[in-house]
Structures are given as structure tokens and as C-alpha cells.
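Structure assessment
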Amino acid sequence: MEAFDLIVVGGGLVGSALAWGAQTAGANVVLLDEGDQAHRAARGNFGLVWLQGKGVGTPAYMQWSLHAGRIWPEFAARLSNAVSFDIGWRQPGGLQFCLSAAELDKRRDVIARTQADGGDIDISILDRADLRDLLPGIGGDVVGASFSSLDGHVNPLYLLRALQQGLQDAGGRYRPGFRVEHIDAERDGFKAVSRTGSVTGKRIALTAGLGAASLAPHVGLSMPVKPERGQIVVTERVKPFLPYATNCIRQTVEGTVLLGSSHEDRGFDDGTDVPTAAMLCRTAARVFPALAEATVVRSWGSLRVMTPDGRPIYEESTLFPGAFAVTCHSGVTLASVHALEIGPSLAKGRLPEHLSSFTSGRFDVHQG
Ligand SMILES: Cc1cc2nc3c(=O)[nH]c(=O)nc-3n(C[C@H](O)[C@H](O)[C@H](O)COP(=O)(O)OP(=O)(O)OC[C@H]3O[C@@H](n4cnc5c(N)ncnc54)[C@H](O)[C@@H]3O)c2cc1C
């Protein structure tokens with residue numbers, strides 16, 4: 001049986017980025033993915049590479065996210081060279097629209113706190129007149145916006161496909177339909193076992209999103225992730241009108257418009273409901289009144305992968321060295337660092353040292 005250098009369990013955006021990065025750095029990698037019956041945030045997200053406001057109050061996470069944003073252009077260029085299609089990456093800057101003076105004040109506060117935490121990112125406040133110059137179709141309810149040139153967006157499905165194709169073109173293996181039921185620690189590494197077979201490797205990375213919580217204890221790790229539902233509505237294709245990434249409306253390269261996304265505590269229910277879709281449409285029509293004429297063609301729900309504090313977990317097991325936990329709730333934004341830094345680092349058998357504050361030990365309750 002072939003023994004891999006690295007088994008990656010979970011072929012969402014986190015696992016696929018990491019697997020591609022490790023394979024192209026010289027490791028022999030296998031990426032195992034359960035398939036359609038699993039919850040898969042990578043196939044239901046909004047596609048933003050969003051930096052403004054990320055990590056406010058937690059400087060290490062802010063710096064890591066900003067670094068991810070800065071190296072996204074290099075990542076997109078390398079990935080685009082590896083495959084023959086456009087992943088839809090654009091970095092026109094991002095606007096967070098404010099529909100009241102109170103919301104605009106909150107954005108000012110986010111900027112002040114970003115600067116206080118040492119965040120080196122240009123974010124400015126645009127008033128209504130500035131915005132009208134940029135976007136003539138803007139609605140009368142929009143009082144202003146915050147703008148950052150570091151924000152961008154991408155087609156998340158093409159991104160996922162590019163990572164998985166790039167992995168295989170570089171000699172790595174992708175095994176869909178392989179649900180890992182348990183993991184055995186062996187003398188020289190690990191065995192990932194499904195109902196139909198097993199795979200062995202020197203090291204193993206758990207990137208199974210919501211599926212990682214139950215697998216982590218098999219190798220002495222803790223990944224206490226919970227679902228948070230987000231719904232997205234998509235319209236028919238319309239003429240290009242929005243050349244920026246924004247917090248609630250995104251026009252794709254093809255012309256469709258994504259409206260989203262909600263934040264709901266619904267357990268593992270990834271369905272949709274009309275009141276939420278209506279709320280997303282109402283907000284979009286306040287921001288761009290012309291959107292009220294666009295036909296909605298589809299909506300969907302998908303589950304975010306949330307840690308208790310919303311920050312990533314990067315950890316190597318102390319009981320089973322060589323087993324790693326990797327999870328986060330902004331896997332599009334962080335795909336660049338997962339591919340260009342975490343993957344190559346795991347190819348060498350370790351996590352970057354500067355990520356030591358992201359272990360799950362921070363959730364332990366210490367009794368005084
Ligand atoms: C509505 C919504 C909007 C979002 N918008 C953005 C955004 O704009 N920008 C951004 O950066 N992020 C966004 N996200 C988050 C982003 O989608 C995720 O962070 C990203 O998809 C990475 O998730 P993941 O790889 O950890 O998990 P998933 O994508 O959920 O992948 C986990 C994978 O593990 C597999 N799996 C599970 N259990 C097992 C098992 N036992 N064995 C083998 N495989 C298993 C599943 O098949 C699945 O493919 C959004 C998420 C949602 C839901």
C-alpha cells in the first residue's frame with residue numbers, strides 16, 4: 001500500500017489549499033473528502049477576500065489576515081499559472097455600506113480600533129457624495145461606506161476546483177467519497193480508515209470543517225467547531241454595475257448578483273426560508289434600487305465552521321506528533337496563507353512557530 005507524506009482529511013477550501021501547497025512544496029499528499037452528503041461551506045460561500053475589520057481586538061489574527069490579503073495576488077497568479085481557467089480573482093477594493101449614521105459611526109470605530117491594534121491597512125470613510133461619484137446607482141438610504149483597497153473577491157467554486165486540479169496535476173491524489181470514520185496512530189504515522197478502505201501516511205492534517213470535531217479526539221486534538229447558517233440569494237445576470245467587492249452585494253464576473261449573507265443559529269439545518277431571502281433582497285434594493293427589478297433565480301443555505309471565538313485553530317497534537325488541526329471561518333480569505341505557508345510548512349512536518357497562539361488550549365476553562 002502506498003504511504004503518503006501527508007494525509008489531508010477534508011477537501012473543502014482549507015484542506016484543498018493546504019494540500020496543494022504541501023504537494024507543490026515537495027510532499028506526496030492525499031486529500032480525502034467525504035462528498036455531497038457532508039456539510040461543505042466551500043461550495044456555498046460568498047467569495048469575499050475581506051480584510052477590513054477582520055481580527056479587530058485580536059491583533060495576531062488581524063496580522064495573519066492582513067498578511068493573507070497581501071499575498072493573495074501572488075497566490076492567485078501561481079494558481080492561475082497551474083490551471084487553465086480564470087478563478088475570477090479581482091482586487092478592486094471593498095465597500096462596507098452603511099444605512100444609518102449609527103452604522104457609519106461603528107465603521108469609524110472599527111478603523112480606530114484597527115489602528116490601535118497596529119493594523120497596517122488603508123481604510124477610509126466615504127460619505128454619500130463620494131459614493132455617488134463611484135457608484136451612480138447608489139440608493140438614497142446609503143449614508144456612506146468604509147473602503148479598503150486590500151479587499152477583493154473570487155469565484156469560490158473555481159478556486160476550489162483549481163486547487164484540487166492543481167494538486168492532482170502536481171502528482172497528488174484526490175479521493176472523493178472517502179469519509180474517514182476513524183484514525184489510528186501507528187508506529188510510523190497514521191492510518192485514516194473509511195468503510196471501504198484505508199490510507200496511511202507519515203503525517204495527517206484534519207481540515208474536515210464541521211466533520212473535524214468528532215475526528216480530532218482520535219489523535220489527541222480538540223476542534224470545538226459549531227455551525228452558523230448563512231443564506232445567499234442570487235439574481236439573473238445583469239449589466240455590470242458594481243466593480244467593487246462589498247459586504248452584502250457581489251456582482252460576479254459572469255454578471256449574476258449575489259446578495260448575502262445571513263448569520264443564523266439553526267444547528268445543522270442548512271435550509272432556506274422566505275423571510276431571510278426577503279430581508280437580503282430588501283437590503284440590496286435599499287443599496288441599489290435598480291436591483292428591485294432583477295429576477296431572483298436561486299437561493300441556498302450553507303453552514304459556516306465557527307470556533308468559540310471565531311479565530312482559527314492551528315495546532316499539532318502533543319500526544320500524537322505529526323497530527324495537525326487546521327480550521328477557520330474565513331477559508332476564502334485565508335486560502336492564500338494556507339496554500340503558500342501552512343501547506344509548505346506541513347510538508348516539512350511542522351506549523352509555523354508564529355501561529356502558536358492559535359491552539360485550542362485557549363478554550364480550556366481554568367478554575368481559580
Ligand atoms: C454563507 C457563507 C458565506 C461565506 N462567505 C465567506 C466569504 O465571503 N469569505 C470567506 O473567506 N469565507 C466565507 N465563508 C467561509 C468559507 O466558506 C469557509 O471558511 C471555507 O469554505 C473553508 O471551510 P472548510 O474547508 O474548513 O470546511 P468545508 O468547506 O465545510 O469543507 C469540509 C470538508 O470536509 C469534508 N469532510 C467532513 N467530514 C469528513 C470526514 N469524516 N472524512 C472526510 N472528509 C470529511 C466535507 O466533505 C467537506 O468537503 C462563508 C461561509 C458560508 C457558509
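Residues numbered from 1 in each chain as written. Predicted model: local features only at pLDDT ≥ 70, side-chain atom pairs only at ≥ 80, totals over all residues. Heavy atoms only, no water.

1. Side note on the overall build of the protein chain
Inclusion rule: Where helices and strands are cited, they refer to DSSP runs of H or I of at least four residues and of E of at least two residues respectively, numbered from the N terminus. Every radius of gyration here is taken over C-alpha atoms, with the globule rule written as 2.2 Å times N^0.38, N being the number of residues. Only protein chains enter the calculation, and the probe is 1.4 Å; a residue is then buried if its accessible area is under 20% of its type maximum, exposed if over 50%, and partly exposed in between. Here a residue-residue contact requires only that any non-hydrogen atoms of the pair lie within 4.5 Å. For every accessible area listed, the method is Shrake-Rupley and the probe measures 1.4 Å; residues are considered covered only by the protein chains on display. By the counting rule applied here, Lys and Arg register as positive and Asp and Glu as negative, while His and the ends of each chain are not counted. The location of each charge is read from NZ of Lys, CZ of Arg, CG of Asp or CD of Glu.
Helix and strand content of the protein chain: eight helices and 18 strands. Relative to the 2.2 N^0.38 estimate, which gives 21 Å for 368 residues, the radius of gyration of the protein chain is 21 Å and therefore close to what a compact globule would have. C-alpha atoms of the protein chain, sized along the principal axes, occupy 65 × 50 × 40 Å. Burial analysis of the protein chain (368 residues in total) assigns 55% to the buried set. Expressed as a percentage of contacts within the protein chain between residues at least 6 apart in sequence, the contacts between residues at least 24 apart total 73%. Taken as a whole, the protein chain presents about 15,800 Å² of accessible surface, with 50% of it coming from carbon and sulfur. Looking at the protein chain, you have 35 positive and 38 negative side-chain charges, and the mean spots of the two groups are 2 Å apart.

2. Section: the packing of helix H2 (residues 59-82) against helix H8 (residues 335-347)
Convention followed: Only the stretch in contact is used when fitting a helix axis, every axis being a line fitted to C-alpha atoms; angles between N-to-C directions are given from 0 to 180 degrees. Each angle is binned into one of four classes, with values under 35 degrees roughly parallel, values over 145 roughly antiparallel, values of 65 to 115 roughly perpendicular, and all other values oblique. Throughout this entry, Asp, Glu, Lys and Arg are counted as charged residues, while Ala, Val, Leu, Ile, Met, Phe, Trp, Tyr, Cys and Pro are counted as nonpolar. The remaining residues, Gly among them, count as polar.
Packing of H2 against H8 leaves a shortest axis separation of 7 Å and a crossing angle of 75°. Our classification of the angle between H2 and H8 gives roughly perpendicular. Listed contacts from H8 to Trp64, His67, Ala68, Ile71, Trp72, Glu74, Phe75 and Arg78 of H2 are Ala335, Ser336, Val337, Ala339, Leu340, Glu341 and Ile342. Residue composition of the contact of H2 with H8, grouped by class: ten nonpolar, two polar and three charged.

3. Considerations on the pairing of strand E1 (residues 3-9)
Short version of the rule: Two strands are counted as paired when DSSP detects at least two bridges linking them. When the strands point away from the viewer, a crossover counts as right-handed if the path from the first strand over the helix to the second runs clockwise.
Most of E1 is tucked away, with six of its seven residues classed as buried. Direction of pairing for E1 relative to strand E11 (residues 198-206): parallel, over a ladder of six bridges. Within E11, the residue paired with Val9 across the bridge is Leu206. Sheet analysis places E1 next to strand E2 (residues 29-33), joined by four bridges and oriented parallel. Its bridge partner being in E2, Ile7 is matched across the sheet by Val30. Viewed along the sheet, the connection from E1 through helix H1 (residues 13-24) into E2 turns out right-handed.

4. A look at the layout of surface pockets
What counts, and what does not: Buried and open spaces are told apart on a 1 Å grid over the protein atoms alone, a cavity being a set of points where a 1.4 Å probe fits but cannot get out and a pocket being an open set with protein on both sides within 12 Å along at least five of seven lines. Residues with an atom within 4 Å of a point are the lining residues. Grid points are joined across faces, edges and corners, and a volume is the space filled by probe spheres set on the points. What marks off one domain from the next here is an automatic or database domain assignment.
Roughly 510 Å³ of internal volume is contained in the second largest pocket. If you go around the second largest pocket, you meet 25 residues; those closest to its centre are Asn155, Leu157, Leu258, Arg298 and Trp300. Elements with a contribution of two residues or more to the lining of the second largest pocket: helix H5 (156-169) and strand E16 (296-306). Split into classes, the residues belonging to the lining of the second largest pocket amount to nine nonpolar, nine polar and seven charged. Lining the lining of the second largest pocket are residues from two domains, each supplying at least three of them: domain 1 (3-49 + 157-225 + 308-363) and domain 2 (92-150 + 226-306).

5. Quick look at the sheet that holds strand E4 (residues 94-98)
Taken together, four strands build an open sheet; the order of strands is E5-E6-E4-E13 and the sheet is mixed. Each edge of the open sheet is held by one strand with a lone partner, namely strand E5 (123-127) and strand E13 (245-246). Where E4 meets E13, two bridges bridge the pair, whose relative direction is parallel. Across the sheet, the residue bridging to Gly94 is Ala245, located in E13.

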